[in-house]
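What the coordinates show
Listed below are the residues making up each chain.
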Amino acid sequence: MDKVKVIGVIVIIAGVITAGFVMGDFLPAIGDINSAPNGYLSVYYITNALHDTEAPNMVTAVLADYRGFDTLFETCVMFLAGVTTLMVLSSKRKVVKGKRNEHDLNGVSFGGTVLDTGFRIIIPVIVIYAFYVLSHGEISLGGGFQAGALLAIAYMIDRLIPSFQNSLGNFTEEAAAIIAGLGVFIYAFTGVLPMFNGGYFLEYDHLPFAFMTEEIVMLHSVGIFMIEAGVTVCVMGTIINILEVVLERTEFDD
Amino acid sequence: MIDVFEIFLAEKGIYMLTFILMGLGIFGMIVCGNYMKKIICMNIMQVAIIFFFLTLGQKDGGTLPVLVHNLTSAEEYINPLPHALMLTAIVVSLGTTGVALALLMKIKEIYGTIEEEEITGKRWKK
Amino acid sequence: MPVILLEAYFLLILIAIAIVVIFHKDLLAVTVIYCAFSFVAMVLYILVGAADVAFTEAVIGVISTVYFIIAIKSISRRCK
């Protein structure tokens, strides 16, 4: 096919879409309070989130409580992405230059002495911040996904700078995939737990922790925290998994 | 004058710019011969689609969807539903990027190159 | 300055960055420019009011940039 023809087709499609927007009037104006996406269900979510789920952050309430079933399978998608990466690159390398795990730059500095030391100072701060984000996920901004990504960034920095004796350790990619699967297991187990107490799947009112709290609504906080912990573990494991798989095939020759 | 321009932007302009961005992403995925650039253009297209969803939840004069004590009515808060959906979409896009990079490195191992022209052996007709 | 004008301004910046990404020939430069793209998108999400999504985008942008740079080490840097 001709390259000019492809470009022409794309320009025509873009022109039709733009003309459609100029002519037609089928999307609501931005900022309209009474538009269709801002009515119906979202009004219920906003007005009843605190009463139903005891979570002031409505995004976490929708994500982990009202739509917890969605998030379960999104977590599964992350786990499957990590496993797929492992399976695609699991065969033996054709060109073997240097043995495995010898490419972690022992003795080679990442960005000079000052930068390396700065990164080492940053790592514990990032880990503490990740746990803060995890535990305050339902009160303020944050949640499981962000906390997992922050923990993975801490591991990533530790992996890329030359390692001291007290580093965070080296995961193999299989171990990282197992950790990600453990996160999915925590999530699904939190879902199954109310079923022993006479509830449905992911129905937090029937979690068997009623002796800890006086009000039945507080059980939602327990359930949301367990779910966020599972999501954190899964996201952290998957990101480390992909990082290790890609890093294993890379040759640092210079 | 400025009011008319703002009303045009709110009704049509932002959507048009978002769709131009999405079109640029698709254009790059079709035209670029390098597989690495195709992945980056896919990410650009995802950003455009996520932004399109987020604009649907916007409200004039609304605050962030975190509960404040003296604000109770639903008109005071931005719609939290698209945020919750797009939050997972961004994280899943990272998984897609990882799988695409794994396939890219496998192609590099087998063929020795990641240029589409050299792999298929065909060239665009002049 | 009203928010909607700022949104249009940052969307124009995103479009300019996308054009540079499509037509540039150096993959390392493209990756660094994509990092800038991710941060401008983060500012755009904050303007829309989605602070959670902006937080996620900031973290994920850093991680994907690291992935791309590690992958560029094992493939050639030039492209046609």
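Residues numbered from 1 in each chain as written. Chains lettered and ligands numbered in written order. Predicted model: local features only at pLDDT ≥ 70, side-chain atom pairs only at ≥ 80, totals over all residues. Heavy atoms only, no water.

With respect to the overall build of chain B
For the record, the criterion: Helical segments are the DSSP runs of H or I of at least four residues, strand segments are the runs of E of at least two, and each set is numbered from the N terminus. In this description the radius of gyration comes from C-alpha coordinates, and the expected globular size is given by 2.2 Å times residues to the power 0.38. Here's how the labels work: a residue is buried when its accessible area is under 20% of the maximum for its type, exposed when over 50%, partly exposed in between, all with a 1.4 Å probe on protein chains only. It only takes one pair of heavy atoms within 4.5 Å for two residues to be counted as in contact. Throughout, the Shrake-Rupley method with a 1.4 Å probe supplies accessible areas, and for residues the shown protein chains are the sole cover considered. Think of it this way: Lys and Arg go in the positive column, Asp and Glu in the negative one, and His and the chain ends go nowhere. Where a charge lies is defined by one atom per residue type: Lys uses NZ, Arg uses CZ, Asp uses CG and Glu uses CD.
Scanning chain B for helices and strands turns up four helices and zero strands. When the helices and strands of chain B are listed from N to C terminus, the series reads α-α-α-α. Since a compact globule built from 126 residues should have a radius of gyration of about 14 Å, the 21 Å found for chain B marks it as more spread out than a globular shape. If one aligns the C-alpha atoms of chain B with their principal axes, the spans along those axes are about 65 × 35 × 15 Å. Taking all 126 residues of chain B together, the buried fraction comes to 57%. Across chain B, every contact between residues at least 6 apart in sequence was considered, and the portion connecting residues at least 24 apart equals 48%. Approximately 5500 Å² of chain B is accessible, and the part contributed by carbon and sulfur atoms is 66%. Taken together, the 10 basic and 11 acidic charged side chains of chain B have centroids lying 18 Å from each other.

Details of the interface of chain B and chain C
Rule in force here: Whenever a carboxyl oxygen of Asp or Glu lies within 4 Å of a side-chain nitrogen of Lys or Arg, that contact is scored as a salt bridge.
Contacts between the two partners involve 44 residues from chain B, matched on the other side by 45 residues from chain C. Linking chain B with chain C are zero salt bridges. When residues of the side of chain B that touches chain C are traced back to their parent elements, those giving at least two are α1 (2–31), α2 (35–56) and α3 (81–111) of chain B. If you tally residues by element for the side of chain B that touches chain C, the top one is α1 of chain B, at 13 residues.

Comments concerning the side chain of S38 of chain C
All names here are of chain C. Here S38 shows up in helix α2 (residues 27–48). Residue class for S38 comes out buried when judged on its relative accessible area of 2%. Here S38 is in contact with E57 and G61, once residues within four sequence places are set aside.

A closer look at the interface of chain B and chain A
Defined as follows: Pairs of N or O atoms are called polar contacts if they sit within 3.5 Å, as long as, within protein, a hydrogen donor faces a hydrogen acceptor (for residues adjacent in sequence, only side-chain-to-side-chain pairs). Residue polarity follows a fixed list, in which Ala, Val, Leu, Ile, Met, Phe, Trp, Tyr, Cys and Pro are nonpolar, Asp, Glu, Lys and Arg are charged, and the others, Gly among them, are polar.
Taken together, the contact pairs 46 residues of chain B with 53 residues of chain A. Run the count over chain B and chain A and you get zero salt bridges. Connecting chain B to chain A are five residue pairs in polar contact (both at pLDDT 80 or more). Elements with a contribution of two residues or more to the side of chain B that touches chain A: α1, α2 and α3 of chain B. At 17 residues, the largest contribution of residues to the side of chain B that touches chain A is made by α3 of chain B. Considering only residue class, the side of chain B that touches chain A consists of 29 nonpolar, nine polar and eight charged.

A look at the confidence of the model for chain B
Operational definition: pLDDT gives the predictor's per-residue confidence on a scale running from 0 to 100.
The predicted model of chain B has a mean per-residue pLDDT of 84, with 96% of residues at 70 or higher. Across the interfaces of the predicted complex, the ipTM metric reaches 0.90, alongside a pTM of 0.88.

Considerations on the state of the cysteines
Quick reminder of the rule: By definition, disulfides here are pairs of cysteine sulfur atoms that lie within 2.5 Å.
Throughout the structure, instances matching the rule amount to zero disulfides over all chains. Free cysteine C234 of chain A: the closest other cysteine sulfur is in C76 of chain A, separated by 7.7 Å.

Focus on helix α4 (residues 68–88) of chain A
Note the cut-off: In a helix, the anticipated span is given by 1.5 Å times the number of residues less one.
If you check α4 of chain A, its first and last C-alpha atoms are 30 Å apart, about what 21 residues at 1.5 Å a residue would give, namely 30 Å. Tucked into the core, α4 of chain A has its buried residues touching α3 (58–66), α6 (144–160), α7 (173–192) and α8 (218–248) of chain A together with α3 of chain B.

Concerning the pattern of salt bridges
Residues and elements named next belong to chain B. Here the structure, examined in full by the defined rule, presents three salt bridges over all chains. In this structure, K38 engages E116 in a salt bridge whose closest nitrogen and oxygen atoms are separated by 3.4 Å. Of the two residues, K38 sits in helix α2 while E116 sits in helix α4 (residues 116–120), which places them 78 residues apart along the sequence. Residue classification places E116 among the partly exposed residues on the basis of a relative accessible area of 25%.

Observations regarding the packing of α4 of chain A against α8 of chain A
Residue and element names in this part refer to chain A. Counted only if it meets this: Only the stretch in contact is used when a helix axis is fitted, and all axes are lines through C-alpha atoms; the angle between N-to-C directions ranges over 0 to 180 degrees. Oblique is the label for any angle not under 35 degrees, not over 145, and not in the 65 to 115 range, which are roughly parallel, roughly antiparallel and roughly perpendicular in turn. Should the near helix be turned counterclockwise from the far one by less than a right angle, the crossing is left-handed, whereas a clockwise turn marks it as right-handed.
The geometry of α4 relative to α8 is characterised by a closest axis approach of 9 Å and an angle of 20 degrees between their N-to-C directions. As far as their axial angle goes, α8 and α4 are roughly parallel. Between α4 and α8 lies a crossing whose hand is left-handed. Residues T75, M78, F79, G82, V83, T85 and L86 of α4 lie in contact with α8, whose contacting residues are V231, C234, T238, N241, I242 and V245.

As for the packing of aromatic side chains
Formally: Classification of ring pairs rests on two measures: the distance between centres of Phe, Tyr or Trp rings, Trp counted by its six-membered ring, which must be within 6.5 Å, and the angle between planes, read as stacked under 30 degrees, edge-to-face over 60 and tilted in between.
Under the criterion given, the structure shown has 14 aromatic pairs over all chains. Here the aromatic rings of Y129 of chain A and F55 of chain C are separated by 6.3 Å at their centres, their planes lie at 40 degrees, and the arrangement is tilted. Remark: F55 of chain C occurs in helix α3 (residues 51–74) and Y129 of chain A occurs in helix α5 (residues 112–135); the pair is interchain, linking two chains. Since its relative accessible area comes to 18%, F55 of chain C is described here as buried. An angle of 80 degrees between the planes, with centres 5.6 Å apart, marks the rings of F19 of chain B and F52 of chain B as edge-to-face. Remark: F52 of chain B occurs in helix α2 and F19 of chain B occurs in helix α1; sequence separation between them is 33 residues. For F19 of chain B, a relative accessible area of 24% puts it in the partly exposed group.

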